Amino acid sequence: PSDHYKRARNFRGSSSETVPAMDSSLSCCESIIQHYSVPVHARVCSLDNERRVPYFDLPGNAVPNLSPICAVWHKKLSGASASGDDANRSGSHHADIARDLLSAYGETLHLCQRPRCDTKVKTAATAQKQDLGVGTIVEVVQQYELLVAHFACHNVAPSDDADKVEGEDKRTQVGADNCSADSEPSFDSEEIARQILEDIMQWTTKLPNDKENLWKIQNNLLPCLLRLLRHAIALLRERDLNESKPALVIATVAAVAFVGDGTMDCGSINLGNLLRWALPEEAGGESSSLLSLASALDQCNPCPLSVIRHKEEYRISRLTLTNNFLTRSAIDWTSKSSCFEAGWSDSDTGIAARTAMDLMMEVLSILEPKSRGNLSLFSMLQNICRHVGVKKIASAARAHFFGRLVGKSVEIQPRQNGGFMPMIKRINDDSSGEDPNNREKPHIETPMRIPSAVVLLSAALSCPGSDDDDEMDTAYLDALPVGLSLLDDAQSLHQGLGASMLVSVCESACSQVEKGSLDFVSRYGQLIASVLEEEIRISGRDDPTILGTVCLASSKFVKLLVSSRCSVQGLSATSLARKFVIEMFNAITTQIHTCQNGNNERISAVLAAGVNPILAQLATCREAASVEVARKGLSVLLPVIGWSGMDIDTRSAQAVALSSLVSLLVGAYPIMPRKGKQIMIEIILLLDRCTKDTAFLNDQDASGRSGSYTNDMRSATETIAEIARFSAAVCLAVCEDSAASILGHVESTQQRDELLDDIRFVADYLKA
């Protein structure tokens, strides 16, 4: 028998022998591993395909009885730890045993989960651990967690089992509120948290193809590791909060990878939900309203809604924000391509997600003992950031993303192989025997790093009440490398997530403009501008959500430069805005020529997220900043306005194109009179088509062939007609005689008195 077996046998044979608590914990862990790695047990574990839900995910959350071997060790550990102690301290000494067991994790269970090439074999027991199968490791971790739970948790199920310790209470009231304040110095919670996180990352990196083993990892092994992390965190309640923060941060990093954006029982994250966190006012609390047509009209300069508010008698007052067509988003954020799927979390059962949420609630309860239990994930993360510090959370998220939070420390050296952001090169790391230059980025090797970093940074940057300018500047400098590295990836979804990070940075920085300098703009402004410009150029074939997010990041960066009055390498904000708009117009042109009418949703995404807000920004400049893009803009916008069709996607593109046209008219007013006839003709033709389309839909209704979709098309058509009237009025106010000649021709050939009166009325109001 091996040495640890001899120690265990001697320990069982002599009840009077006193074994140091830490040595006993190590012997206990090694004995459990050895017991379940015996061929007969290992074979049973490998053939056991019954899908059992962990006890902590069952109703009641009662801790079940221990297995015979764990029950023996439970008795021995209790006796060894309690020798010489007062019986009244049973709660504190049980907590100390839990600490000792968790401290033994690194030398036992942590090593048994390592690949053979990852660790040097030092003992016979360690050699045995190298050959453990998935089923054996799952069983070992489950038994180990259950043993720790009997010492560190509430609600142990009552039992008459002979293997239970005689005289022990049927419910062990030991846990977070009974932990001793004088914890042993050997309990390094931060190191334990790092070890467990490292094991979690290993299991999420290379998931097995076998369905049964995959189910065990998703619903047994990973939840048990999260539960162990919660035990370690719960034992910190009586410690100094500042000493506990590093472990709490690591626990939060691990949990976020399994809860994602909090909308589903899995680690998935949706681009729309992340942007809703960064843009709560524009989203109106719902991602489905993000980049809505109403918000596009509200950004338009001049805004048709302001005319309605000031002139109630104006006949287009039917154009209201309650219109269903206006409240819909220009982009479908529910598409699969906008969702990052976490393969390590089973969305059917949701066990890992619920366990991770319990872990986050434990972290928050330590930081904020009086916190409410019905908070959303976003509110929980913001509260954690507020107590721990935005700077610490952002720094940990960046370190985790680039592979520096756990494992041995590696030196990061840039090399110029990436399209935008230097690739990551690991120095002095030859464990794999591969050329370091050919290794993937850490977040590509371990995808779990992506949701943890992106969600944490999005919540940290949106955290209210951050008055420390240096803290926020540091957070921006931590978030930007993550966003730029994701934009550098080949995967289009990663590019969308990177763009969402830039949106969060720019939107947060806009609120900090008056509080201090923005160091990252001067340091990374040129890089950000070149990355975004290139991304607009190459994202034309991507999903509309990806292209729209990239364009949104570009418009938010322009807004930041304008509000902070910063320049990028001598390039003013207006000059950069014009470069962005030209690239967006080129992207729309590509879409128009790829097929008949192009991809309507992609065009709507570019117009709503990028073109419309940037042109509205340029329209506020005194020097008519849109003159240089006017010709290109009209060549793109007018064909979109001239589309035929009544479907919702076509109407959405026309609505945003009309809004963009209004801002372009104002921003390039010196040269627009030359194009007045062309613009007014296109708008009048659209109004004529809308009149005929409405008549057709009314006939459908009269014949009883209409449905909900027909009603939606009628609402969209009527709304487009109202927006077109306003656009015609702006055109008349800016272009004057050239546009008025077209109205005169219409008046002489058709009976459209009411329409023309409306247009002239608003034009006079705008000029006044």
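See the structure shown above.
Residues numbered from 1 in each chain as written. Predicted model: local features only at pLDDT ≥ 70, side-chain atom pairs only at ≥ 80, totals over all residues. Heavy atoms only, no water.

Here's the deal with the pattern of salt bridges
Here comes step 1: For the coordinates displayed, the defined rule picks out 23 salt bridges.
Here comes step 2: Among the ionic pairs, K441 bridges to D488, the shortest N-O distance being 3.2 Å. With K441 in the loop between β4 (423-427) and α20 (442-445) and D488 in the loop between α22 (469-487) and α23 (492-510), this residue pair connects regions lying 47 residues apart in the sequence.
Here comes step 3: Looking at K441, the relative accessible area reads 3%, which means it is buried.
Here comes step 4: The salt bridge involving K579 is made with E533; its shortest N-O contact spans 3.4 Å. Separated by 46 residues along the polypeptide, K579 in helix α26 (residues 573-594) and E533 in helix α24 (residues 519-538) bring together distant segments of the chain.
Here comes step 5: Residue E533 is classed as buried on the basis of its relative accessible area, which comes to 16%.
Here comes step 6: When salt bridges that share partners are traced, they join E533, E534, R537, K579 and E583 into one network. (Salt bridge = Lys/Arg side-chain N within 4 Å of Asp/Glu carboxyl O. Helix = DSSP H or I, 4+ residues; strand = E, 2+ residues; numbered from the N terminus. Buried < 20%, exposed > 50% of the residue type's maximum accessible area, 1.4 Å probe, protein only.)

Focus on the environment of R237
Here comes step 1: By secondary structure assignment, the location of R237 is in the loop between α10 (211-234) and α11 (241-259).
Here comes step 2: A C-alpha to C-alpha distance of 6.1 Å links R237 and I366, two positions 129 residues apart in sequence.
Here comes step 3: Within polar-contact distance, the side chain of R237 engages the side chain of S365 at 2.8 Å. (Polar contact = N/O pair within 3.5 Å; in protein donor to acceptor, adjacent residues only side chain to side chain.)

Section: the packing of aromatic side chains
How two aromatic rings sit relative to each other is given by the distance of their centres and the angle of their planes.
Here comes step 1: Evaluated as defined, the whole model comprises six aromatic pairs.
Here comes step 2: Centre to centre, the rings of Y55 and F56 are 5.2 Å apart; their planes meet at 80°, and the pair counts as edge-to-face. For the pair Y55 and F56, one class covers both residues: buried.
Here comes step 3: Between Y476 and F520, the aromatic rings sit 5.3 Å apart at their centres with planes inclined by 65°, giving edge-to-face as the arrangement. Placement of Y476 in helix α22 and of F520 in helix α24 is noted, with a sequence separation of 44 residues between them. Exposure class is identical for Y476 and F520. Each is buried. (Phe/Tyr/Trp six-rings, centres within 6.5 Å; stacked < 30°, edge-to-face > 60°.)

Digging into unusual backbone geometry
Here comes step 1: Phi at R565 is positive, roughly 55°, even though this residue is not glycine.
Here comes step 2: Take R565: it is sitting in the loop between α25 (544-564) and α26.
Here comes step 3: Its identity is not glycine, yet A624 carries a phi of approximately 50°, on the positive side.
Here comes step 4: The topology assignment puts A624 in the loop between α27 (600-619) and α28 (630-641).
Here comes step 5: Overall, the relative accessible area of 8% leaves A624 in the buried class.

Overview of the packing of α11 against helix α17 (residues 351-367)
Here comes step 1: The N-to-C vectors of α11 and α17 enclose an angle of 155°; their axes lie 9 Å apart at closest approach. Comparing their axes, α17 and α11 come out roughly antiparallel. Crossing of α11 over α17 shows left-handed handedness. Between α11, through L241, L248, A251, T252, A255, V256, F258 and V259, and α17, the contact on the second element is made entirely by A352, A353, A356, M357, L359, M360, V363, I366 and L367. (Axes fitted to C-alpha atoms, helices over the stretch in contact; angles between N-to-C directions. Parallel < 35°, antiparallel > 145°, perpendicular 65-115°, else oblique. Left-handed = near helix turned anticlockwise from the far one by under 90°. Contact = heavy atoms within 4.5 Å.)

Examining the nonpolar core
Generally speaking, soluble globular proteins have nonpolar side chains that are buried together.
Here comes step 1: In terms of nonpolar packing, the biggest core is built from 238 residues, with L101, L225, F520, F557 and M672 touching the most fellow members.
Here comes step 2: When residues of this core are assigned to their parent elements, the largest contribution, 15 residues, is made by helix α31 (residues 708-735). (Core = buried A, V, L, I, M, F, W, Y, C linked by side-chain atoms within 4.5 Å.)

Points about the environment of L109
Here comes step 1: For L109, the position within the fold is in helix α6 (residues 109-112).
Here comes step 2: Separated by 32 residues in the primary sequence, L109 and V141 have C-alpha atoms spaced 7.4 Å apart.
Here comes step 3: Those residues in contact with L109 that sit more than four places away from it in its chain are C29, I33, V140, V141 and Y144.

As for the packing of helix α8 (residues 134-152) against α10
In helix packing, the relevant descriptors are the interaxial angle and the interaxial distance, both defined with respect to the helix axes.
Here comes step 1: Relative orientation of the contacting elements α8 and α10 amounts to 30°, with a least axis distance of 9 Å. By the angle between their directions, the pair α8 and α10 is classed as roughly parallel. In this structure, α8 meets α10 at a crossing whose hand is left-handed. Contacts between α8 and α10 involve V134, G135, I137, V138, V141, Q142, Y144, E145, V148 and A149 from the former and N213, K216, I217, N220, L221, C224, L225, R227, L228 and H231 from the latter.
Here comes step 2: Here the contact of α8 with α10 is built from residues that sort into 12 nonpolar, five polar and three charged. (Nonpolar A, V, L, I, M, F, W, Y, C, P; charged D, E, K, R; others polar.)

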